[in-house]
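# Secondary and tertiary structure notes
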Amino acid sequence: MKLYQSNNSPNSRRVRIYLAEKGISMPIVPVDLGTGEQFSPAYAAINPRLAVPALVLDDGTAIGEVPAIIRYLEEESPAPPLLGTSPRTKALVAMWERRVEQEGFASVMEAVRNAVPRLKNRAIAGPHDYVQIPALVERSRQRALNFYADFDARLADVPFIAGDEFSVADITAVVTVDFATKAAGLPIADQHAALKRWYETVSARPSMAA
Ligand SMILES: N[C@@H](CCC(=O)N[C@@H](CS)C(=O)NCC(=O)O)C(=O)O
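Because the structure is a prediction, the values reported are computed rather than measured.

Conventions adopted
- Residues numbered from 1 in each chain as written.
- Predicted model: local features only at pLDDT ≥ 70, side-chain atom pairs only at ≥ 80, totals over all residues.
- Heavy atoms only, no water.
- Near = heavy atom within 4 Å.
- Polar contact = N/O pair within 3.5 Å; in protein donor to acceptor, adjacent residues only side chain to side chain.
- Areas by Shrake-Rupley, 256 points an atom, 1.4 Å probe, with all protein chains shown as cover.
- 1 Å grid on protein atoms, 1.4 Å probe; cavity = no way out; pocket = protein on both sides within 12 Å on 5 of 7 lines; lining within 4 Å.
- Sits in = over half its atoms within 2 Å of the grid points.
- Axes fitted to C-alpha atoms, helices over the stretch in contact; angles between N-to-C directions.
- Helix = DSSP H or I, 4+ residues; strand = E, 2+ residues; numbered from the N terminus.
- Parallel < 35°, antiparallel > 145°, perpendicular 65-115°, else oblique.
- Left-handed = near helix turned anticlockwise from the far one by under 90°.
- Contact = heavy atoms within 4.5 Å.
- Nonpolar A, V, L, I, M, F, W, Y, C, P; charged D, E, K, R; others polar.
- Salt bridge = Lys/Arg side-chain N within 4 Å of Asp/Glu carboxyl O.
- Buried < 20%, exposed > 50% of the residue type's maximum accessible area, 1.4 Å probe, protein only.
- Phe/Tyr/Trp six-rings, centres within 6.5 Å; stacked < 30°, edge-to-face > 60°.
- Lys NZ or Arg CZ within 6 Å of the ring centre and 35° of its normal.

## Quick notes on the site of the ligand
The local shell around the ligand holds 13 residues, among which Q38, V52, E65, R113 and R122 are the closest. The side chain of R122 places a nitrogen or oxygen atom 2.9 Å from an oxygen atom of the ligand. Relative to its unbound accessible area of 510 Å², the ligand is 85% covered by the protein chains. If you map the ligand onto the pockets, it falls in the largest pocket.

Written as structure tokens, this is what we have:
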């Protein structure tokens, strides 16, 4: 197996953290988004969506999309479990991770991609060009702030996003907070004490350096 990824890609970081949590190592192939390597014919043959990360199996099968990559790795290496263990916890992890992705990660991504000058015609990653819509930025930032407030309320009741156990939902949420802080100037506000407590606990895990 090989992982095609980029060091400054938040989606790639989700997989790198997952691999570190599981203790899985594999060859890492860098894809330079700065020079547009994702558009090269060689990479398009691996992932026609022209996005990182992509996992290539020994038989040549290429898997794109972070949740699909993680699903494959979890089936192959179930311990320690990061996608839940029972029907109940598997569903809860899937629900919470999807919520983090849609309400948090996607909002921050939209705020950044519609604002950064070098992404002028690349407001959405993938094979099609989309112009930026500056009016979306403020709404996306508001959605990100609502994500913080809603997940602060959630984390007042439970230690981790999906409940009692650390899971991929926490990985996606940490990547969201770090990306929001660095790329959108949206750190967690002091008033969100539960979210801050959770963030300090989970970001101290060695995997988060990945
Ligand atoms: N839904 C995809 C999103 C992948 C994605 O958007 N990756 C970004 C990097 S974080 C990318 O490849 N960007 C290339 C570009 O902007 O052209 C996934 O889950 O893997």
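## Side note on the packing of helix α1 (residues 10-22) against helix α3 (residues 66-76)
In the contact formed by α1 and α3, the axes pass within 10 Å of each other and the chain directions differ by 15°. One way to sum up the angle between α1 and α3 is to call them roughly parallel. Considering how the two elements wind past one another, α1 and α3 form a crossing that is right-handed. Touching N11, R14, V15, Y18, L19 and K22 of α1 are V66, P67, I69, I70, L73 and E74, all from α3. Looking at side-chain class alone, the contact of α1 with α3 contains eight nonpolar, one polar and three charged residues.

## Remarks on the pattern of salt bridges
Applying the stated criterion across every chain, the model contains 10 salt bridges. In this structure, R13 engages D178 in a salt bridge whose closest nitrogen and oxygen atoms are separated by 2.9 Å. In this pair, R13 sits in helix α1 while D178 sits in helix α6 (residues 168-184), placing the two residues 165 residues apart along the sequence. For the pair R13 and D178, one class covers both residues: buried. Among the ionic pairs, E103 bridges to R99, the shortest N-O distance being 2.8 Å. Of this pair, E103 and R99 both sit in helix α4 (residues 87-113), separated by four residues, roughly a single helical turn. Residue classification places E103 among the partly exposed positions, given a relative accessible area of 26%. One continuous salt-bridge network, built from bridges that share partners, spans R14, E97 and E101.

## Looking at the packing of aromatic side chains
Scanning the entire structure with this criterion turns up seven aromatic pairs. Through a chain of ring-to-ring contacts, three or more aromatic side chains come together here, namely W96, F147, Y148 and F151. Positioned over the ring face of F105 is R14, at 5.2 Å from the centre of the ring.

## What to know about the environment of L33
As for its position among the elements, L33 is in the loop between β2 (28-30) and α2 (41-46). Residues L33 and D59, 26 residues apart in the sequence, show an inter-C-alpha distance of 26 Å. Ignoring any residue separated from it by four or fewer positions in sequence, one finds L33 in contact with S6, S9, Q38 and V52.

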